[in-house]
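An overview of the molecular structure
Chain by chain, the residues:
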Amino acid sequence: MSATPREHTRTYYLGKLATELEQRGLTATLRPYPPALRISDPDTALLAETVDCVPMSEGWFYRWSWGELVGLADDPALAADRILHVLATRQ
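Residues numbered from 1 in each chain as written. Predicted model: local features only at pLDDT ≥ 70, side-chain atom pairs only at ≥ 80, totals over all residues. Heavy atoms only, no water.

1. Structural notes on the pairing of strand E4 (residues 59-64)
Sheet topology places E4 next to strand E5 (residues 69-72); three bridges connect them, and they run antiparallel. What sits directly across from Arg 63, in E5, is Leu 69. Between E4 and E5, which follow one another and run antiparallel, lie four residues, and Gly 67 among them has a positive phi close to 100 degrees. (Pairing = 2+ DSSP bridges. Helix = DSSP H or I, 4+ residues; strand = E, 2+ residues; numbered from the N terminus.)

2. Overview of the nonpolar core
Counting 20 residues, the largest nonpolar core has Leu 17, Leu 21, Leu 37, Ile 39, Val 51, Tyr 62 and Ile 83 as the members making the most contacts within it. The set of elements that each furnish at least two residues to this core consists of helix H1 (5-23), strand E2 (36-41), strand E3 (44-56), E4 and helix H2 (76-89). Of the residues forming this core, the biggest block, five residues, is contributed by H1. In this structure Ile 83 touches Leu 17, Leu 21, Ile 39, Val 51, Trp 64 and Val 70, once residues within four positions along its chain are discounted. (Core = buried A, V, L, I, M, F, W, Y, C linked by side-chain atoms within 4.5 Å. Buried < 20%, exposed > 50% of the residue type's maximum accessible area, 1.4 Å probe, protein only. Contact = heavy atoms within 4.5 Å.)

3. Re unusual backbone geometry
The peptide bond linking Tyr 33 to Pro 34 adopts the cis configuration, its omega dihedral lying at -10 degrees. Looking at the element boundaries, Pro 34 is found in the loop between strand E1 (27-31) and E2.

4. Quick look at the pairing of E1
Both E1 and E2 contribute to a ladder of five bridges, which runs antiparallel. Paired with Ala 28 across the strands is Ile 39, a residue of E2. Hairpin connection from E1 to E2: four residues lie between these consecutive antiparallel strands.

5. Observations regarding H2
The end-to-end C-alpha distance of H2 is 20 Å, a good match for the 20 Å that 14 residues give at a rise of 1.5 Å each. Listing the buried residues of H2 in full gives Pro 76, Ala 79, Ala 80, Ile 83 and Leu 87. For H2, the angular spread of the buried residues around the axis is 100 degrees, confining them to a single face. Opposite its buried face, H2 presents the exposed residues His 85 and Thr 89, each directed more than 90 degrees away. (Expected span 1.5 Å × (residues − 1). Arc of directions from axis to C-beta.)

6. Examining the pattern of salt bridges
Applying the stated criterion across every chain, the model contains three salt bridges. A salt bridge links Asp 81 to Arg 24, with the nearest nitrogen and oxygen atoms 2.7 Å apart. Of this pair, Asp 81 sits in helix H2 while Arg 24 sits in the loop between H1 and E1, and the two are 57 residues apart along the sequence. Accessibility expressed as a relative area gives 25% for Arg 24, which makes it partly exposed. Two residues, Arg 63 and Asp 52, come together in a salt bridge whose shortest N-O distance is 2.7 Å. Linking Arg 63 in strand E4 with Asp 52 in strand E3, this pair joins segments that are 11 residues apart in sequence. On the basis of relative accessibility, which here comes to 18%, the residue Asp 52 falls in the buried class. Several salt bridges share partner residues, and in doing so they unite Glu 20, Arg 24 and Asp 81 into one network. (Salt bridge = Lys/Arg side-chain N within 4 Å of Asp/Glu carboxyl O.)

In structure tokens, the structure reads:
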């Protein structure tokens, strides 16, 4: 089974977000199909969240598992900051 161009784009953006999250001390694991990131704090393994990446008319966006948008995929640093903030407030 070969990946579609859309899946390649999604994986590309998720990879950029994973790098940003790991620089902030979080663990980000790419789930291959459908592409999504499993994000957790290594100090609090029970606090985990899944983020995927979806195309919309304004571009590609990161999205929480419950459907709310995290932010533009073109700004993975800002999205990583928002994810870190949400995980931190759940501790």
